[in-house]
Amino acid sequence: ELVHAIGREENLRISLVDDLREHSLEIIFSALLPAAGTTLLRSIDFLQVLGKEMQVWREDKILWKAALKFAIENKRTTIDNKAFIVYCVNEIAKEIGRPAEKILGQLVNAPVPSAIKTISSLEIYSDLHTVAEENDAAGSVPVQLKALMDELGDHIQSGHKITDSLRRTFLEKIKRYP
């Protein structure tokens, strides 16, 4: 009953999100999208961490509001993680009044904490990066990393030895921006 009521009443949904704990939100989300719920819950967790890391949004449950809205609007369609990311970022952009491209750029450039570096988070990050590239997000690949990649490529093509300093700097940037 509650899940169906949430699906019909947007005001109820928004007010409920603020009052519910994250575990309750996960249960409602999974009930709305049983087939894709687990995958998208991992995406929510991952985006939540990156959003907090880069302080993209101040309101804790803004991502949950967008995610539930997506679930309600798409409960009868095939779900794609990239479409989910695009939808959530666009909803957040509207809510906080910032361009979606800028939010995508911030999320892609956020340092990924080692605690969440898993195979599934690599897939989510890859989807996020693809979405950022498709939306031409400013700064989706840091300028310094591009410059280092160009420099490394020049060294390899010219047959010069790659210095330890260049190697260390390059590895540090790769760790920071996986």
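In case you missed it, the structure is sitting above this.
The structure contained in this document is the topic of the report that follows. Along each chain, residues carry numbers from 1 onward, in the same order as the chain's sequence is written. pLDDT decides what is reported in this predicted model: residues at 70 or higher carry local features, side-chain atom pairs at 80 or more are listed and counted, and totals for whole chains, interfaces and linings draw on all residues regardless. Excluded from the side-chain calculations are hydrogens and water; all other atoms, namely the structure's heavy atoms, are used.

Salt bridges are identified by distance alone: a Lys or Arg side-chain nitrogen within 4 Å of an Asp or Glu carboxyl oxygen. Here the structure, examined in full by the defined rule, presents four salt bridges. With its nearest N and O atoms 3.0 Å apart, the salt bridge here joins Glu91 to Lys94. Linking Glu91 with Lys94, this pair stays in helix α6 (residues 81-96), spanning three residues, or about one helical turn. Categorising residues by exposure relies on relative accessible area from a 1.4 Å probe, with only protein chains included: less than 20% of the type maximum marks a residue as buried, more than 50% marks it as exposed, and the intermediate range marks it as partly exposed. On the accessibility criterion, Lys94 (60% relative accessible area) is exposed. Taken together, the shared-partner salt bridges connect Asp18, Glu59 and Lys65 into one network. In this description a helix means any DSSP run of H or I spanning at least four residues, a strand means any run of E spanning at least two, and both kinds are numbered starting from the N terminus.

Within the secondary structure layout, Leu104 lies in helix α7 (residues 100-109). Residues Leu104 and His129, spaced 25 residues apart in sequence, show a C-alpha to C-alpha distance of 8.3 Å.

Let's shift gears to the side chain of Ser121. Tracing the chain through its elements places Ser121 in helix α8 (residues 119-134). Classification of Ser121 by relative accessible area gives buried; the value is 7%. Within the structure, Ser121 has its side chain in polar contact with the backbone oxygen of Ile116 (distance 2.5 Å). Contacts were defined at the residue level, with two residues in contact if any of their heavy atoms lie within 4.5 Å. Setting aside its immediate chain neighbours within four residues, Ser121 contacts Phe46 and Ile116. In protein, a polar contact means a hydrogen-donor-capable atom and an acceptor-capable atom, both N or O and within 3.5 Å, with residues adjacent in sequence counting only if both atoms are side-chain atoms; elsewhere, any N or O pair within 3.5 Å suffices.

The subject of this paragraph is helix α5 (residues 62-73). Under the convention used throughout, the expected extent of a helix is 1.5 Å for every residue step, that is, one less than its residue count. With 12 residues, α5 extends 17 Å from end C-alpha to end C-alpha; this agrees with the ideal 16 Å at 1.5 Å per step. Across the 12 residues that make up α5, a large majority, 11, are buried. Those residues of α5 not exposed but buried are Ile62, Leu63, Trp64, Lys65, Ala66, Ala67, Leu68, Lys69, Phe70, Ala71 and Ile72.

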